Amino acid sequence: MDPMLSAVCQLFTHLCAIPHPSGGETAITAHLAKHLSDLGLVPQLDEARNLRCILPPTPGMEDAPGIILQAHTDMVCVAAPGSDWNPEQDGITVINDGTFLRSDGQSSLGADNGIGVAVMLYLAQRTDLPHGKIQLLFTACEERGLVGASAMDPAWLEGFRYYINLDSFRSDAAIFASAGGLRQSWTHPIRWTPTARPYAFTLTLSGLIGGHSGFDIHRGRGNAISLLAQLLAYWNGPVASFSGGSSYNAIPTYAQAVVCTSDLDAFYQFIQETEQALKDRFGALEPELSLSAVPCAPPSLRWDEETRKEVLSFLTALPQGALEWRSDCTSTVAKSGNPAVVLEAGPALEVRHFARCATTTYMDEITEDTAASAAEFHFTQQQVNRYVPWEGRSSDPFLHQVQQCYHQITGKHMEPVAVHVGLECSTLLEKAPHLSGISLGADISDAHSVSERVTLDSIATLTQLIIQLVTIPTKEETQ
């Protein structure tokens, strides 16, 4: 393996050994600070756990325009069904199969955004590169709604001309615009009534591919929460519990409910027919889809009829999947919804939903629609978090400069793209409109799932591109 690529992969593997879920970045931040300090650099930490480190300009490059490189330190943690992997305590086992880096199948990989962090650390180690002033900026809690970036002091962004975010999932794309995000959660009181049916089953919808609720939302994959809610609403039988999903950013791969019945033959026939209907509907999109019904002890209590109707009606009414498409980039979704998590929290059921929107108008529409559904079905909003879209320009000269460097390295064209995900570019560029910004990355597939993987070739391309951008462009501008 090329020494440069080997070094970046090694740095990434070291990062993966340290648990770093969103909100739990203390250990990874301490690791980064020590690593940078050991290189003779001076890292700074703010109260939101954002970390920055200045790489001083090399001799003769003092007048070159400064560049910010930025990646986030947290990851979306998804465990395989039945796995005992604990994101708060366990590291990630990284497998290098010669083509991809991937996990051992027990957890998500964290290439989002660990690859960006590793590339930045590699750059800090390269003392032989001529460059202007560079700021390495490691932000915290991105996956919970750009929390670290939102809390950052704008003064950290002063004194620089260019900003490169390393959170894209494509090595051949120059991202110039991204979607805004709307995270909401609601609760509904659970009202109970005695169970009168003699049989009970744990009903599990599983085996779905899932993926990132932005990058993969256009693929038409099943959302386990929405599908199971639709199934139960159609079946119209007693429900004693409902849960599913793992995080706002992940399309749910499983959902589970405890249901009661008095007619075993009709129930088994319904499950068999429903599973076949789902397989026919999704076909090759969901080859491992499974609907299982495992007998369990009948619970003493179940949801009363009003609770069942209101919960299932709300879940099926929530916006799900790709809803609108961009007019200026017809392959990109402009509006989507992801019913993300359902869990029982004490005497109430909690529902979490994530909408992504290319415009504030779309965001306002979903806000109004979900508020109307919540009011109709007696859900109480607990949390709402919004971040604005990044509406960049495909005509930005910095974007063209990036495309030229990419062509020099690969001989190929780099496509300017607007993406249907939330990037910290939206928040940071709102704080520092003087910056010209772009988002770059490696080729990451099935992010936020146990199938997450990143190609080795794209890691090498990204690293070469960043090296080119911090050296050749700055030298050209000082001539």
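Note that the structure is predicted; figures quoted are calculated from it, not measured.

Novice: Would you mind going over the overall build of the chain in detail, with residue names and values included?
Specialist: When its secondary structure is counted, the chain shows 11 helices and 24 strands. Taking 479 residues into account, the globule formula puts the C-alpha radius of gyration at 23 Å, and the chain, at 24 Å, falls close to it. Judged by the C-alpha coordinates and their principal axes, the chain covers about 80 × 45 × 40 Å. Counting every position in the chain, which comprises 479 residues, the buried fraction comes to 58%. Contacts spanning at least 24 positions in sequence make up 80% of the contacts within the chain whose residues lie at least 6 apart. Just so you have it, the chain exposes about 18900 Å², and 49% of that area is on carbon and sulfur atoms. If the 29 positive side-chain charges of the chain are averaged to one point and the 53 negative ones to another, these points end up 1 Å apart.

Novice: Which residues make up the pairing of strand E12 (residues 239–244), and what values go with them?
Specialist: Strand residues, when the strand is regular, have side chains that alternate between the two faces of the sheet. In terms of burial, E12 is a largely internal element, five of the six residues being buried. With five bridges connecting them, E12 and strand E13 (residues 255–261) associate as antiparallel partners. Residue pairing for E13: Ser241 is matched across the bridge by Val258.

Novice: Give a detailed account of the sheet that holds strand E5 (residues 100–103), specifying residues and quantitative values.
Specialist: Strand order in the open sheet formed by four strands is E4-E5-E24-E23, and the pairing between neighbours is antiparallel. Each edge of the open sheet carries a strand with a single partner, namely strand E4 (94–96) and strand E23 (444–445). Direction of pairing for E23 relative to strand E24 (residues 453–455): antiparallel, over a ladder of two bridges. Within E24, the residue paired with Ile444 across the bridge is Val454.

Novice: Account for the nonpolar core, naming residues and giving values.
Specialist: Among the nonpolar cores identified, the biggest contains 91 residues, and Leu69, Ile115, Ile164, Leu440 and Ile466 are the most heavily contacted of them. A total of 10 residues in this core trace back to one element, the largest contributor, which is helix H3 (residues 111–125). When residues no more than four places from it in sequence are discounted, the contact partners of Ile164 are Ile67, Ile68, Leu69, Gln70, Phe398, Ile438, Leu440, Ile466 and Leu469. Ala224, Leu232, Trp235 and Leu312 belong to the second-largest nonpolar core, a separate cluster that totals 39 residues.

Novice: How would you summarise the packing of helix H1 (residues 3–16) against H3 if you had to cite specific residues and measurements?
Specialist: Relative placement of two packed helices is described by the angle separating their axes and the distance separating the axes. Close contact between H1 and H3 brings their axes to 8 Å; oriented N to C, the two are set at 125°. Relative to H3, H1 is oriented oblique. At the point where H1 passes H3, the crossing takes the right-handed sense. Between H1 and H3, the contacting residues are Met4, Ala7, Val8, Leu11, Phe12 and Leu15 on the first element and Ala111, Gly114, Ile115, Val117, Ala118, Val119, Leu121, Tyr122 and Gln125 on the second. Among the residues making up the contact of H1 with H3, the classes are represented as 13 nonpolar, two polar and no charged.

Novice: Got a sec to walk through the packing of aromatic side chains? Specific residues and values, please.
Specialist: Tallied over the full model, the rule gives 10 aromatic pairs. Summarising the aromatic geometry, the rings of Phe201 and Tyr268 are spaced 5.5 Å apart at their centres and angled 80° between planes, so their arrangement reads as edge-to-face. Note that Phe201 is positioned in strand E11 (residues 199–206) and Tyr268 in helix H6 (residues 264–282), a separation of 67 residues in sequence. Measuring from ring centre to ring centre gives 5.6 Å for Trp235 and Phe267, while their planes differ by 65°; the resulting arrangement is edge-to-face. In this pair, Trp235 sits in helix H5 (residues 224–235) while Phe267 sits in helix H6, placing the two residues 32 residues apart along the sequence. Look at Phe267 and you get buried, because its relative accessible area is 2%. Chaining the aromatic ring pairs together yields one cluster made of Phe201, Trp235, Phe267 and Tyr268.

Novice: Lay out the environment of Gln320 with the relevant residues and their values.
Specialist: Note on placement: Gln320 falls in the loop between helix H7 (305–317) and strand E16 (321–325). Distance in space between the C-alpha atoms of Gln320 and His72 is 27 Å, their sequence separation being 248 residues. In this structure, Gln320 is in contact with Arg221, Asn223, Ser226, Gly337 and Pro339, ignoring residues within four places of it in sequence.

Basis of the calculations
Residues numbered from 1 in each chain as written. Predicted model: local features only at pLDDT ≥ 70, side-chain atom pairs only at ≥ 80, totals over all residues. Heavy atoms only, no water. Helix = DSSP H or I, 4+ residues; strand = E, 2+ residues; numbered from the N terminus. Rg over C-alpha atoms; globule rule 2.2 N^0.38 Å. Buried < 20%, exposed > 50% of the residue type's maximum accessible area, 1.4 Å probe, protein only. Contact = heavy atoms within 4.5 Å. Areas by Shrake-Rupley, 256 points an atom, 1.4 Å probe, with all protein chains shown as cover. Lys, Arg positive; Asp, Glu negative; His and termini not counted. Charge placed at Lys NZ, Arg CZ, Asp CG, Glu CD. Pairing = 2+ DSSP bridges. Core = buried A, V, L, I, M, F, W, Y, C linked by side-chain atoms within 4.5 Å. Axes fitted to C-alpha atoms, helices over the stretch in contact; angles between N-to-C directions. Parallel < 35°, antiparallel > 145°, perpendicular 65-115°, else oblique. Left-handed = near helix turned anticlockwise from the far one by under 90°. Nonpolar A, V, L, I, M, F, W, Y, C, P; charged D, E, K, R; others polar. Phe/Tyr/Trp six-rings, centres within 6.5 Å; stacked < 30°, edge-to-face > 60°.

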